[in-house]
Amino acid sequence: MSCFQEPSLYTIKAISILDNDGNRVFGKYYDDAFPSLKEQKDFEKNLFDKTHKANGDIIMLDGFTIVYRSNVDLFFYVMGGANENEIMLNSVLNCLYDSISNVLRKNVEKRQLFENFDAVMLVVDEICDGGVVLEADSSQIAHRVSVRQDDIPLGEQTVAQVLQQAKEQIKWSLLK
């Protein structure tokens, strides 16, 4: 009988971003540890209460190994199983933060995150699929996610993309 667990590719249990009040901005759970939204939010509230004043970057809570990082008004969390490698979780956390920072042009704030929420969801999907880490290089993720708006023909752009492009053109014309 062995005390070691079988190796698994499913290393990530959840990725979550909370605001500075502990409210969910983004959350994606990859297993059934918290099947309902209420259980997820209760867990996130408990997690925030334990981490928002702490100076650490790792915590063990409710059978999870959780690495976290804060910036201005956001808290980034990557959760794995109790026996998960903290270095692996931390590399995913750093990739998540750095990729979002690149996509948001170093302006990682709640307002900017909401304005570019589609890109944030793409970043998470590029990093992790179903709990399996796909990529941990933030420059690769940012490159895949940040498709230039000018390269997409007008007929293939979404309304949000057209409005964003118009807003950028107006901003640059006012700054000249």
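None of the values given here were measured: they were computed from a predicted structure. (Residues numbered from 1 in each chain as written. Predicted model: local features only at pLDDT ≥ 70, side-chain atom pairs only at ≥ 80, totals over all residues. Heavy atoms only, no water.)

Novice: Before we go on, may I ask you to explain the confidence of the model for the protein chain in this structure?
Specialist: Low-pLDDT portions of the prediction should not be read for the details of their coordinates. This prediction gives the protein chain a mean pLDDT of 83; 89% of its residues lie at or above 70. Mean pLDDT across the secondary structure elements of the protein chain bottoms out at helix H6 (residues 159-175), with 75, and peaks at strand E1 (residues 12-19), with 93. (pLDDT = per-residue confidence, 0-100. Helix = DSSP H or I, 4+ residues; strand = E, 2+ residues; numbered from the N terminus.)

Novice: For this particular structure, what's the right way to read the side chain of Thr 65?
Specialist: With respect to the helices and strands, the residue Thr 65 is situated in strand E4 (residues 64-71). Within the structure, Thr 65 has its side chain in polar contact with the backbone oxygen of Gly 81 (distance 3.0 Å). Discounting chain neighbours no more than four positions away, the residues touching Thr 65 are Ile 58, Ile 59, Met 60, Val 78, Met 79, Gly 80, Gly 81, Ala 82, Glu 84, Glu 86 and Leu 89. (Polar contact = N/O pair within 3.5 Å; in protein donor to acceptor, adjacent residues only side chain to side chain. Contact = heavy atoms within 4.5 Å.)

Novice: What is the right way to read the packing of helix H4 (residues 117-127) against helix H5 (residues 138-145) from this model?
Specialist: What describes two packed helices is the angle between their axes and the distance between those same axes. Direction vectors running N to C along H4 and H5 enclose 130°, while the axes themselves pass 10 Å from each other. Considered as vectors, H4 and H5 are oriented oblique to each other. Here the hand of the crossing between H4 and H5 comes out right-handed. In contact with Ala 119, Leu 122, Val 123, Glu 126 and Ile 127 of H4, H5 contributes Ile 141, Arg 144 and Val 145. When its residues are assigned to classes, the contact of H4 with H5 shows 6 nonpolar, no polar and 2 charged. (Axes fitted to C-alpha atoms, helices over the stretch in contact; angles between N-to-C directions. Parallel < 35°, antiparallel > 145°, perpendicular 65-115°, else oblique. Left-handed = near helix turned anticlockwise from the far one by under 90°. Nonpolar A, V, L, I, M, F, W, Y, C, P; charged D, E, K, R; others polar.)

Novice: Looking at this structure, I do not really get unusual backbone geometry. What am I missing?
Specialist: A negative phi angle characterises most non-glycine residues, just as the trans form characterises most peptide bonds. The phi torsion at Asp 62 lies on the positive side, around 50°, for a residue other than glycine. On the secondary structure map, Asp 62 appears in the loop between strand E3 (58-61) and E4. Phi is positive for Lys 106, close to 65°, though the residue is something other than glycine. For Lys 106, the location among the structural elements is in the loop between helix H2 (86-103) and helix H3 (110-115). Lys 106 gets classed as exposed once you look at its relative accessible area, which sits at 63%. (Buried < 20%, exposed > 50% of the residue type's maximum accessible area, 1.4 Å probe, protein only.)

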